[in-house]
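So you can see what is in the structure, the chains are spelled out below.
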Amino acid sequence: MTLDFTYQASAARIVFGNGASGDVGKWVEALDCRRALVLSTPHQAGDAEALSKRLGPLSVGTFTEATMHTPVDVTERAVARAAELGADCVVSLGGGSTTGLGKAMAYRTDIQQIVIPTTYAGSEVTPILGQTENGVKTTVRSPKITPEVVIYDPQLTLGLPVGMSVTSGLNAIAHAAEGLYAPDRNPITTMMSIDGIRALKEALPALIDSPRDGAAREKALYGAWLCGTVLGQISMSLHHKICHTLGGSFDTPHAETHSIMLPHTIGFNASAVPELMTPISDIFGGATPGRALYDFAKSIGSPMALKDFGLSEADLDRAADIATRNPYSNPRPIDRTAIRALLQDAWSGTRPPY
Ligand code: NAD
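Residues numbered from 1 in each chain as written. Predicted model: local features only at pLDDT ≥ 70, side-chain atom pairs only at ≥ 80, totals over all residues. Heavy atoms only, no water.

S.K.: Account for the packing of helix H5 (residues 162-179) against helix H6 (residues 187-209), with residues named and values stated.
M.R.: Packing of H5 against H6 brings their axes to within 9 Å, and their N-to-C directions diverge by 165°. The pairing of H5 with H6 is recorded here as roughly antiparallel in orientation. Viewed along their axes, H5 and H6 form a crossing whose handedness is left-handed. Of H6, the residues touching H5 (which contributes Val162, Ser165, Val166, Gly169, Leu170, Ala172, Ile173, Ala176, Ala177 and Gly179) are Ser193, Ile197, Leu200, Leu204, Leu207 and Ile208. Residue composition of the contact of H5 with H6, grouped by class: 12 nonpolar, 4 polar and no charged. (Axes fitted to C-alpha atoms, helices over the stretch in contact; angles between N-to-C directions. Helix = DSSP H or I, 4+ residues; strand = E, 2+ residues; numbered from the N terminus. Parallel < 35°, antiparallel > 145°, perpendicular 65-115°, else oblique. Left-handed = near helix turned anticlockwise from the far one by under 90°. Contact = heavy atoms within 4.5 Å. Nonpolar A, V, L, I, M, F, W, Y, C, P; charged D, E, K, R; others polar.)

Next up, the structure:
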C-alpha cells in the first residue's frame, strides 16, 4: 500500500468527561469572553436557564428558539438579541438544531462558540452549516462556522430518550461509514471511522437495556465525536446526498432518515469497494455490510421504512431524480434505475440485497 494524503486537523478544542460541562465558565474565560448567550431549543429551555444561572455574571441570558433546519429568520432574531445584550460568545446546549443556530450566528458575526452536545449528530465538530430560507435549504462551509470549544459531558446524555439515542447513533455511524470510502480519506480519518463505529456498535444495545448506563453513554458520546469529526474533515457520498434530498425536499426527519437509509446506501456502495468495507463486516458480522447494518438497526429498534414518515411511493420517482442530479462523488457509479430500486427497498423496509 502506498501512502499519499493530506490531513487537516479540526480547529475545535475538545473537552471530554463526566461533569465537564460544570467548567463551562472556565472555557468562556479561556476564550477571553465575559458575556455568554446560552442557546437551546424550546424543549431544553429549562436546562439552558439553569446553565445560564450557573454561569452567573458570565452569562447575559438565553435564547431558546433554536429549531430544525436553522431557519434564517430565527438566526436573525438571535443575532439581534446577542447584539442587544452585548454578548461576546454563545454557549449552544443541545443537539444539531441548537448547534446549527450558534454556527449560523458565527457565520454572520464571527461570534465565538462553545458547544455542549446532548445528541450524537456530530454537527459540533464540522465547518458545515445547513440553513433554510423560504423553504429552501442551502449548505455553506467556512472556517468561521467551526465552534471554538466543544464540551462532551456524557452525564448530559443520560436522559436522551432511547429512540433518539438509536437514530442519532445510527446517524453518527453513517458519517463514519461513508468516511471509509471517501475519495479524500486518510489514515487518521479511517482510524477514527473504525473506532467511532465500533464504540457506537457496542454502546447502543447497552443503552436500550439500560438508558442511564454511564459507561455506555460515555462510549456512545465518544463514538459520536469520532464520527462527527470524520464528517467535518472529508467528503460524503451517496448516503448523505440521498438523506439531504429526502430531508430537504420531502421534510423527512433527520436522524430517522439516516437510520433507515444506512443499510441500503452502504450496502449498495460496499458491493463496489468490498475491500474498503471490511471494517463494517469485522464490527457487525453478517454476510454482507448492507444486511449486517440492517440486522443491527432492526435489533436496536430503529425505524426501518421511509413509508412510516409521510413519504408516498409516488414521491420516490422525484426523490430518485433529485438524488441522481449533481451527485456527490461515489465509489459505485450512480444510475437512476439502481437508486430508484434502492429507495423502494428503503421505503418498504425490505432487507437490502447487498
Ligand atoms: P435536534 O437538535 O433537532 O434535537 C431534537 C429534539 O431533541 C430537540 O427538541 C432537542 O431539544 C431535543 N434533545 C436534544 N438532546 C436531548 C436530550 N439529551 N434529552 C432530551 N431531549 C433532547 O436533533 P439532532 O438530530 O441532534 O440534530 C438534527 C439537526 O442537526 C438537523 O437539522 C441536521 O441537519 C443538523 N446537523 C447538521 C450537521 C452539520 O454538520 N451541519 C451534522 C449533523 C446534523
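S.K.: Could you give an account of the packing of aromatic side chains, with specific residues and numbers?
M.R.: Overall, the coordinates contain 5 aromatic pairs when judged by the stated rule. Taking 6.5 Å as the distance between ring centres and 80° as the angle between the ring planes, the aromatic pair formed by Phe16 and Tyr222 counts as edge-to-face. One end of the pair, Phe16, is in strand E1 (residues 13-16); the other, Tyr222, is in helix H7 (residues 214-233), with 206 residues separating them in the sequence. Among the aromatic residues, ring-to-ring pairing joins Phe16, Tyr152, Tyr222 and Trp225 into one connected group. Over the face of the ring belonging to Tyr107 we find Lys144, whose NZ or CZ atom lies 5.8 Å from the ring centre. Of note, Arg332 hangs over the ring of Phe268, and the distance from its end group to the ring centre comes to 3.8 Å. (Phe/Tyr/Trp six-rings, centres within 6.5 Å; stacked < 30°, edge-to-face > 60°. Lys NZ or Arg CZ within 6 Å of the ring centre and 35° of its normal.)

S.K.: Quick rundown of the pairing of strand E5 (residues 112-117)? Include the residues and the values.
M.R.: Within E5, 5 of the 6 residues are buried, leaving the element largely enclosed by the surrounding structure. Note that strand E4 (residues 89-94) and E5 share 6 bridges and pair parallel. Pairing of Leu93 across the sheet is with Ile116, part of E5. Note that the unit made of E4, helix H4 (residues 96-109) and E5 has a crossover that is right-handed. In this sheet, strand E8 (residues 149-152) lies alongside E5 in parallel orientation, the contact comprising 2 bridges. Opposite Val115, over in E8, you have Val150 as the bridge partner. (Buried < 20%, exposed > 50% of the residue type's maximum accessible area, 1.4 Å probe, protein only. Pairing = 2+ DSSP bridges. Right-handed = clockwise from strand over helix to strand, strands pointing away.)

S.K.: Pulling in residues and values, what's your account of the packing of helix H8 (residues 238-250) against helix H13 (residues 336-348)?
M.R.: As a packed pair, H8 and H13 sit with axes 13 Å apart at the nearest point and diverge in direction by 65°. The angle between H8 and H13 places the two elements in the roughly perpendicular class. Crossing of H8 against H13: the hand is right-handed. Contacts from Leu238, Ile242 and Leu246 in H8 reach Ile339, Leu342 and Leu343 in H13. Looking at the contact of H8 with H13, its residues break down into 6 nonpolar, no polar and no charged.

S.K.: Explain the sheet that holds strand E3 (residues 59-63) residue by residue, including any values.
M.R.: With parallel pairing, 6 strands are arranged side by side in an open sheet as E1-E8-E5-E4-E2-E3. Strand pairing shows two members of the sheet lacking a second neighbour, E1 and E3, which therefore form its edges. With strand direction ignored, the average angle separating the axes of adjacent strands in the sheet is 20°. Lying on the sheet, H4 is in contact with strand E2 (36-39), E3, E4 and E5; it crosses E4 at an angle near 160°. Sheet contacts for H7: E1 and E8; angle to E1, the most-contacted strand, approximately 170°.

S.K.: If you had to explain the site of the ligand to someone new, which residues and values would you point to?
M.R.: Around the ligand there are 23 residues in total, and Thr41, Ser97, Thr118, Thr119 and Thr126 lie nearest to it. Take Ser97: an N or O atom from its side chain is 2.5 Å from an oxygen atom of the ligand. Between the ligand and Lys137, the relevant distance is 3.4 Å, taken from an oxygen atom to a side-chain nitrogen or oxygen of the residue. When the ligand sits alone it has 870 Å² of accessible area, and the protein chains cover 84% of it. The dominant element in the shell around the ligand, judged by the number of residues it contributes, is H4, at 3 residues. Residues that form the shell around the ligand fall into these classes: 8 nonpolar, 13 polar and 2 charged. (Near = heavy atom within 4 Å. Polar contact = N/O pair within 3.5 Å; in protein donor to acceptor, adjacent residues only side chain to side chain. Areas by Shrake-Rupley, 256 points an atom, 1.4 Å probe, with all protein chains shown as cover.)

S.K.: Provide a residue-level description of the nonpolar core, including the pertinent values.
M.R.: Core analysis: the largest hydrophobic core is formed by 40 residues, its most contacted members being Tyr120, Leu170, Ile173, Ile197, Leu262, Ile280 and Phe284. For this core, the secondary structure elements donating two or more residues are E8, H5, H6, H7, helix H9 (254-270), helix H10 (278-284) and helix H11 (289-299). When residues of this core are assigned to their parent elements, the largest contribution, 7 residues, is made by H5. With residues near it in sequence (within four places) discarded, Ile197 still touches Ile173, Ala176, Ala177, Leu180, Cys227, Ile280, Ile283 and Phe284. Among the nonpolar cores identified, the runner-up in size contains 22 residues, and Leu238, Phe268, Ile322 and Leu343 belong to it. (Core = buried A, V, L, I, M, F, W, Y, C linked by side-chain atoms within 4.5 Å.)

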